[in-house]
Amino acid sequence: MTARKSGSRLETEIERCRSEGQWDKIPELVRQLSAKLISNDDLGELLLGECKLQTYLKENPIKQGASPRGPRPKLVEVRKHLTAALDRGNLKADYLQEASLLMAKLCYVEGEYNDALGHYSRVNLDDMQLVGAPVYRLSMIAEAYATKGLCLEKVPAASPSLSNKNTGSPSSNKSTTDREQEIITCYEKSGDIALLYLQEAEKALSAGIQNRSPKPGPTAQDLELGYFLETGMQRAHVIHFKNGNLTRGVGRFREILRAVETRTTQSLRMTIARQLAEILLRGMCEQSYWSPLEDPPSVSPLDDPTRQGHTHSKNYSLSRRPRVYSGENLFCPQENTEEALLLLLISESMANRDAVLSRIPEHNNDRIISLQSASVVYDLLTIALGRRGQYEMLSECLERAMKFAFEEFHLWYQLALSLMAAGKSARAVKVLKECIRLKPDDPTIPLLAVKLCIGPLHWLDEGECFGKMVIDMGEKAAEFRAKGYLAIGLVYSLKATDASLRSTQEDYQRKALGAFQRAQSLSPTDHLAAFYLALQLAVSRQIPEALGYVRQALQLQGDDVHSLHLLALLLSAQKHYHDALNIIEMALSEYPENFNLLYTKVKLESMCRGPEEALLTCKHMLQIWKSFYNLTNPSDSGRGSSLLDRAIADRRQLNAMTLPDFSDPETGGLQDANTLGFSSMFSVCSVHATSIAASRVEQALSEVASSLQSSAPKHGPLHPWMTLAQIWLHAAEVYIGMSKPAEASACTQEAANLFPTSHNVLYMRGQIAELRGNMDEAKRWYEEALSINPTHVKTMQRLGLILHQLQRYSLSEKVLRDAVQVNSTAHDVWNSLGEVLQAQGNAAAATECFLTALELEASSPILPFTIIPRAL
């Protein structure tokens, strides 16, 4: 009885060691077992053979793709032990099967593939029970299926040993297709049973650790897949993809990923998730996608059409399968990008959790592998999120990658680009500075920084520094030096526009002109260099020279919208208004949604064809705005939206047209389209809509509201609501030109609902007050506008004229001289200054001002040249 209890205890301990892979303890346990139970000598031979074989494989691991090199001296004893256990025939049936499996594994390691297949045929793997099997036996069965698959791949299909009926091989007399299916089935069974084994081993190990004393012992992390289990889990989908059967390969990936995770499979799962995400992003479209919970299609465009008849489906069942995740309300992706994003976010969390950040030399290889794995995940995230335009989310993901990013240029650069795309320009510049430090010889990085500084940020001093970096690189940046000079020229040009002193303006204009000339000489085939040189000459009122360079730019790139726009403005400066309008209309045929061109068209149409045509263009701009930005609020009442439609519904009665009373809620709504003859699509422009919009965006745009111009802004792209406000202000300006203050006031109110503190709105209200003859009210509006933007030249000019009319000559002269300092090319300001000086009796100075005004007016465009955006 004592011996039996002792033997039972030893057998339990042996089983535990076999499950946990503690092979170093097996010899001593076998010695104890042999001493207690003489009848178990054959079991001892089995255990010693297994122990020595596993130890050998641990010390001499098989490499993926490598072929065994024949017998090894250290394996002689293994064969001796296993042969003894098999030949004496004293083992129980289960142990006899295990000995055969080990002998087949030994044959594979020694390169005897036919012998290995013979052992497997005698055991009949499909008859081995999984239900109730010890944990270690699950591992042996999984390895056996993987090894059988490897042997079948190694042995030719026409091998005599396979055709020998005595072997009982299931591969005998089978077609190549059936043989291929058998190989895949072996690997898939191996993978499924391996997952089951790892789940059960981790559960048993955790329970064992809790039951044992709290002394140091093995953990679940000590479990290793090994060559055979890893092959079983990965080889099936490799064959599927190699055969062009993406449907089954994707299905196999999903089966592995749905299995309940274990610590041992974490790294493998991350790799599989990343590979599946890559397939979903690069090899699958929405039409060929199917949900993970659905059966795959029988015929799929993913699969190789030449092998459609050989597409294999799973045709086996197991008595026991690995546990899979299940539950209620689980998220299930509905299209390929969703599933790819889910997989990549899971992979990212695993990569961050398992990151190796230590910089000590011993961890260098692990850190490199960790970084490479994470970089691949983040690159795929860039593709997935970039397709959806989710740059905000992408930048957040890449920020989490910064723990990997010490001295790693690629991740820093990816973060910078994502921040740029997300509109986080200030942070992008800071990240680009780090990129410059990591890669100081790359001129494209400071050029990107200049682009941000010139554009959305308007950090001109920083932009100048970045531009000089490119120039100072010399021959290292030979092909980019022209871009460097172009960037410096843009910085100086914008500084000239911002400068408040005339001398400073002229100095920066001279520097800008020199930089553009240098850029044009370095890159004579770059249309941008010729274009910006022409633009700078135009700003400096050198019209003939500017025309020459803009024509050169158009020869280099005939469809450049800014070059066409500049040509039209230059023609308008020469008073060729009809030619300018023709150029604008030609440009609009290519760029129908360009608001800058449309603003210029409104001004030219007012000059050439009358205000009615200009109002039609304003209506068209509202239509474009609505369709382009798609900001319609379905609950809008339509109040005020019909303004332009009513104004142009009957052009013959335009002068007699009256506007609705916007203060009357009964008549202010959108009327029936059939009655009025216009579409209700302008509901987005209603007073109600704009007041809602103002409440949403006023705070967010408070810092840029003051930069709203009646033309395009100097810096950066227009915000949709800013664009809408500008359209209404242009319509108001047309009405002022028609001497219709009521209509102009209604249009101005629409803009005021969006930006009530915009200096342009206040300026327009001053214009309307002047039109009504209320000079005191006009003066008050102009003063309020200047309190917001003290350098708005148009407001300064109108205020100076009102002060002149009020006979406050000294103050009027001061205001107008300040306006001349801000913009020395404003001919109307010079003319007004001449009138003030003449009223003061200073005829000589007045004459000089009038002559200057005449000279400038002869080269004055219909809209300022600075309406054209200046960006790298």
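None of these values were measured; they are calculated from a predicted model. (Residues numbered from 1 in each chain as written. Predicted model: local features only at pLDDT ≥ 70, side-chain atom pairs only at ≥ 80, totals over all residues. Heavy atoms only, no water.)

Participant: Please give an account of the overall build of the protein chain that cites residues and values.
Facilitator: Counting secondary structure elements, the protein chain contains 39 helices and zero strands. Within the protein chain, contacts between residues separated by at least 24 positions form 68% of all contacts whose residues are at least 6 apart in sequence. (Helix = DSSP H or I, 4+ residues; strand = E, 2+ residues; numbered from the N terminus. Contact = heavy atoms within 4.5 Å.)

Participant: Give me the lowdown on the pattern of salt bridges, citing residues and values where you can.
Facilitator: As enumerated under the stated definition, the model contains 46 salt bridges in all. Between Glu28 and Arg31 there is a salt bridge, with its nearest N and O atoms 2.5 Å apart. Of this pair, Glu28 and Arg31 both sit in helix α2 (residues 26-36), three residues apart, which is roughly one turn of the helix. With relative accessibility at 52%, the residue Arg31 sits in the exposed group. (Salt bridge = Lys/Arg side-chain N within 4 Å of Asp/Glu carboxyl O. Buried < 20%, exposed > 50% of the residue type's maximum accessible area, 1.4 Å probe, protein only.)

Participant: Would you mind going over helix α39 (residues 843-857) in detail, with residue names and values included?
Facilitator: The end-to-end C-alpha distance of α39, which contains 15 residues, comes to 21 Å, matching closely the 21 Å that a straight helix rising 1.5 Å per residue would cover. For α39, every residue scored as buried is listed here: Ala845, Ala846, Cys849, Ala853 and Leu856. For α39, the buried positions fall inside an angular range of 100 degrees around the axis, keeping them on one side. The outward face of α39, more than 90 degrees from its buried face, is lined by the exposed residues Ala844, Glu848, Leu851, Leu854 and Glu855. Of the surrounding elements, those touching the buried residues of α39 are α38 (827-839). (Expected span 1.5 Å × (residues − 1). Arc of directions from axis to C-beta.)

Participant: Let's hear about helix α32 (residues 720-737): which residues, and what values?
Facilitator: With 18 residues, α32 extends 26 Å from end C-alpha to end C-alpha; this agrees with the ideal 26 Å at 1.5 Å per step. Of all 18 residues making up α32, 16 are buried, and the element is well covered by its neighbours. Just downstream of α32, Ser739 is the residue with a positive phi angle, here 60 degrees.

Participant: Let's hear about the confidence of the model for the protein chain: which residues, and what values?
Facilitator: When pLDDT is averaged along the protein chain, the result is 79, and 82% of the positions lie at 70 or above. Confidence over residues 160-173 falls short of pLDDT 50; this stretch has 20 contacts with residues more than four positions distant or in other chains. Here residues 645-718 is modelled with pLDDT under 50, and outside its nearest four sequence neighbours on either side it reaches 153 contacts, counting other chains as well. (pLDDT = per-residue confidence, 0-100.)

Participant: So what's going on with the packing of aromatic side chains? Which residues, and what values?
Facilitator: All told, the structure shown has 11 aromatic pairs when counted by the stated rule. Relative to Tyr113, the ring of Tyr108 has its centre 5.5 Å away and its plane inclined at 50 degrees; by these criteria the two rings are tilted. Side by side, Tyr108 and Tyr113 carry an identical accessibility label, which is buried. With centroids separated by 6.0 Å and ring planes inclined at 35 degrees, the aromatic side chains of Tyr763 and Tyr782 adopt a geometry described as tilted. Of this pair, Tyr763 sits in helix α34 (residues 759-771) while Tyr782 sits in helix α35 (residues 775-788), placing them 19 residues apart in sequence. You'll find Tyr763 and Tyr782 in the same group, each marked buried. Taken together, the ring pairs in this structure connect Tyr108, Tyr113, Tyr227 and Phe228 into an aromatic cluster. Above the face of the Trp290 ring, Arg254 is positioned so that its terminal group lies 4.8 Å from the ring centre. Residue placement shows Arg780 over the ring face of Trp781; its charged tip is 4.7 Å from the ring centre. (Phe/Tyr/Trp six-rings, centres within 6.5 Å; stacked < 30°, edge-to-face > 60°. Lys NZ or Arg CZ within 6 Å of the ring centre and 35° of its normal.)

Participant: Pulling in residues and values, what's your account of the nonpolar core?
Facilitator: Counting 230 residues, the largest nonpolar core has Tyr378, Leu566, Leu570 and Phe865 as its most contacted members. Beyond its immediate stretch of four places on either side in the chain, Leu570 contacts Ala538, Ile543, Ala546, Leu547, Val550 and Phe865. Counting 29 residues, the second largest nonpolar core, distinct from the first, contains Ala778, Leu803, Trp830 and Ala853. (Core = buried A, V, L, I, M, F, W, Y, C linked by side-chain atoms within 4.5 Å.)

Participant: Quick rundown of a nonpolar patch on the surface? Include the residues and the values.
Facilitator: Taken together, the side chains of Phe331, Leu342 and Ile346 present a nonpolar region at the surface, about 270 Å² in accessible area. With respect to the helices, strands and loops of the structure, Leu342 is situated in helix α13 (residues 336-353). (Patch = residues over 30% accessible without salt bridge, like charges linked within 9 Å, V, L, I, M, F, W, Y side chains within 5 Å. Areas by Shrake-Rupley, 256 points an atom, 1.4 Å probe, with all protein chains shown as cover.)

Participant: If you had to explain the environment of Arg780 to someone new, which residues and values would you point to?
Facilitator: Here Arg780 is to be found in helix α35. Counting along the chain gives 18 residues from Arg780 to Leu762, while the straight-line C-alpha distance between them is 9.3 Å.

Participant: Give a description of unusual backbone geometry that names residues and reports values.
Facilitator: The residue Glu407 is not glycine, and still its phi comes out positive at about 60 degrees. Note on placement: Glu407 falls in the loop between α15 (391-400) and α16 (409-421). Relative accessible area serves as the criterion here: at 39%, Glu407 is assigned to the partly exposed category.

Participant: Tell me about the side chain of Ser832, and please be specific about residues and values.
Facilitator: Within the secondary structure layout, Ser832 lies in helix α38. Within the structure, Ser832 has its side chain in polar contact with the side chain of Gln797 (distance 2.9 Å). Apart from the residues within four sequence positions on either side, Ser832 is in contact with Gln797, Leu801 and Leu816. (Polar contact = N/O pair within 3.5 Å; in protein donor to acceptor, adjacent residues only side chain to side chain.)

Participant: Which residues make up the packing of helix α11 (residues 246-258) against helix α12 (residues 266-282), and what values go with them?
Facilitator: Helix-helix packing is characterised by the crossing angle of the two axes and by the distance between the axes. Their axes nearest at 10 Å, the elements α11 and α12 cross at an angle of 145 degrees. Where α11 crosses over α12, the two elements pack in a sense that is left-handed. Residues Leu246, Val250, Phe253, Arg254, Ile256 and Leu257 of α11 form the contact with α12, whose participating residues are Arg269, Ile272, Ala273, Gln275, Leu276 and Ile279. (Axes fitted to C-alpha atoms, helices over the stretch in contact; angles between N-to-C directions. Left-handed = near helix turned anticlockwise from the far one by under 90°.)

Participant: Tell me what's going on with the packing of α34 against helix α36 (residues 793-805), and back it up with residues and numbers.
Facilitator: Remark: α34 packs on α36, axes separated minimally by 10 Å, with the N-to-C direction vectors making an angle of 30 degrees. In this view, α34 runs roughly parallel relative to α36, as classed from their interaxial angle. For the pair α34 and α36, the crossing hand works out as left-handed. Only Lys794, Thr795, Arg798 and Ile802 of α36 make contact with α34, whose side of the interface consists of Tyr763, Gln767 and Glu770. Its residues placed into classes, the contact of α34 with α36 shows two nonpolar, two polar and three charged. (Parallel < 35°, antiparallel > 145°, perpendicular 65-115°, else oblique. Nonpolar A, V, L, I, M, F, W, Y, C, P; charged D, E, K, R; others polar.)

Participant: With reference to specific residues and values, describe the environment of Lys468.
Facilitator: Turning to its location among the elements, Lys468 is positioned in helix α19 (residues 460-472). Lys468 sits in the partly exposed class, given a relative accessible area of 37%. Linking Lys468 and Val450, residues 18 residues apart in sequence, is a C-alpha distance of 9.9 Å. Leave out the neighbours within four places in its chain, and Lys468 touches Ile488 and Tyr492.

Participant: Quick one: what's the story with the environment of Val76, residue by residue and with numbers?
Facilitator: For Val76, the location among the structural elements is in helix α4 (residues 76-88). The exposure class of Val76 is exposed, given its relative accessible area of 54%. Separated by 27 residues in the primary sequence, Val76 and Gly49 place their C-alpha atoms 9.9 Å from one another.

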